[in-house]
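An overview of the molecular structure
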Amino acid sequence: MNEYTISDVSKDLGIPSSTLRYYEEIGILKGVSRNASGKRVYKREHIDRLNAIKCFKGAGMTMSDIVAFFKYEDTGYEAIDNMMELLKDREIKAREQFRLLMASYAHLLRKMDYYGDIEKFAKSGYKGKAPVWEDYLGDYDSKARKMIMEDNV
């Protein structure tokens, strides 16, 4: 069984030690034992829980939602309806945030093409036809999706 110190967990997961202590305090990180010196000892189950918390936070869940989720989880199947409602609500909100971010990303790509061409035009000594915004009507939504999926950064 692997055991981890608070500094190991903090460093490996990028979570400040104060936050780890706070998670214990509010009850979403349970069963953290102490060694003979009184230092916290984290186990694989804690790492898994912390990864879930990071995932939920990344999806935009509030701390109160995260606390509620783990309380529901602790009740077993009793609160499955509440748990699913919370997850579905967050999924809907995350999907909307994703759509907005994708639209913004597509617009950014269009701007980059346009201003990239303006830059080339200026560096050429303003020879040829100047770029016109209306000429940049390509399918930037598809381009954005493709770049995200291929991780072409």
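Scope of this entry: the structure provided in the associated data block. On a predicted model such as this, the values are computed, not experimentally measured, just so you know. Position labels on residues start from 1 in each chain and follow its written sequence. Local features in this predicted model are restricted to residues of pLDDT 70 or higher, and side-chain atom pairs are both shown and tallied only at a pLDDT of 80 or more, whereas totals for entire chains, interfaces and linings draw on every residue. Each side-chain value is worked out from all heavy atoms of the structure, with water and hydrogens disregarded.

**Some words on the side chain of S10**
Along the chain, S10 falls in helix α1 (residues 6-13). A 1.4 Å probe rolled over the protein chains alone gives each residue an accessible area, and that area as a share of the maximum for its type sets the label: buried under 20%, exposed over 50%, partly exposed in between. Here S10 falls in the buried class, since its relative accessible area comes to 17%. Polar side-chain contacts of S10 include one of 2.6 Å to the backbone oxygen of I15. In this structure S10 touches I15, P16, S17 and L20, once residues within four positions along its chain are discounted. Secondary structure follows DSSP: runs of H or I at least 4 residues long count as helices, runs of E at least 2 residues long count as strands, and numbering of each begins at the N terminus. Nitrogen and oxygen atoms within 3.5 Å of one another constitute a polar contact, given that in protein one can donate a hydrogen and the other can accept it, and given that sequence-neighbouring residues count only through two side-chain atoms. Throughout, a residue-residue contact means that at least one pair of heavy atoms, one from each residue, lies within 4.5 Å.

**Here we look at the nonpolar core**
Soluble globular proteins: nonpolar side chains tend toward being buried together. Formed by 23 residues in total, the largest nonpolar core has its most connected members in V9, Y42 and L50. If you list the elements that add at least two residues to this core, you get α1, α2 (17-25), α3 (44-58), α4 (63-74) and α5 (80-123). Per-element tally for this core: the top contributor is α4, with 5 residues. What V9 contacts, discounting residues up to four positions off in sequence, is Y4, G14, L20, Y42, I47 and L50. Membership of the second largest hydrophobic core comes to 8 residues, among which are M102, L109, Y114 and Y136. The set of buried Ala, Val, Leu, Ile, Met, Phe, Trp, Tyr and Cys residues whose side-chain atoms join them within 4.5 Å is what this entry labels a nonpolar core.

**Description of the sheet that holds strand β3 (residues 40-43)**
Note on sheets: strands pair through backbone hydrogen bonds, and any given pair is parallel or antiparallel. Strands are labelled as partners when DSSP assigns at least two bridges between them. Across the sheet, 3 strands lie side by side as β1-β3-β2; this open sheet has antiparallel pairing. The sheet is open, and its two edges are formed by β1 (3-4) and β2 (33-34), each paired on a single side. Bridge count between β2 and β3: 2 bridges; the pairing is antiparallel. Within the sheet, the bridge partner assigned to S33 lies in β3 and is V41. Relative to β3, α3 is tilted by about 75°, and along the sheet it contacts β1 and β3. Inter-axis angles, ranging from 0 to 180 degrees, are taken between N-to-C directions of lines fitted to C-alpha atoms, where helices are fitted over the stretch in contact.

**Describing the packing of aromatic side chains**
Two rings belonging to Phe, Tyr or Trp (six-membered ring only in the last case) form a pair when the distance between their centres is within 6.5 Å. Interplanar angles under 30 degrees mark stacking, angles over 60 mark edge-to-face geometry, and anything in between is tilted. Under the counting rule described, the total for this entry stands at 8 aromatic pairs. Considering the side-chain rings of F69 and F70, the 5.2 Å spacing of their centres and the 80° angle between planes classify their relative orientation as edge-to-face. Side by side, F69 and F70 carry an identical accessibility label, which is buried. Ring pairing ties together the aromatic residues Y114, Y115, W133 and Y136, which thus form one cluster. When the NZ atom of lysine or the CZ atom of arginine is within 6 Å of a ring's centre and also within 35 degrees of its normal, the charge is said to sit over that ring. The ring of F70 is capped by R49, whose NZ or CZ atom sits 3.8 Å from the centre of that ring.

**Remarks on the pattern of salt bridges**
Salt bridge, as used here, is a side-chain nitrogen of Lys or Arg placed within 4 Å of a carboxyl oxygen of Asp or Glu. Tallied over the entire structure, the rule returns 11 salt bridges. With its nearest N and O atoms 2.6 Å apart, the salt bridge here joins K30 to D74. Residue K30 is found in the loop between α2 and β2, and its partner D74 is found in helix α4; the two are separated by 44 residues along the sequence. We note a salt bridge from R49 to E73, for which the minimum N-O separation is 3.2 Å. Note that R49 is positioned in helix α3 and E73 in helix α4, a separation of 24 residues in sequence. Relative accessible area serves as the criterion here: at 19%, R49 is assigned to the buried category.

So far we have only geometry, and geometry alone does not tell us how the molecule works.
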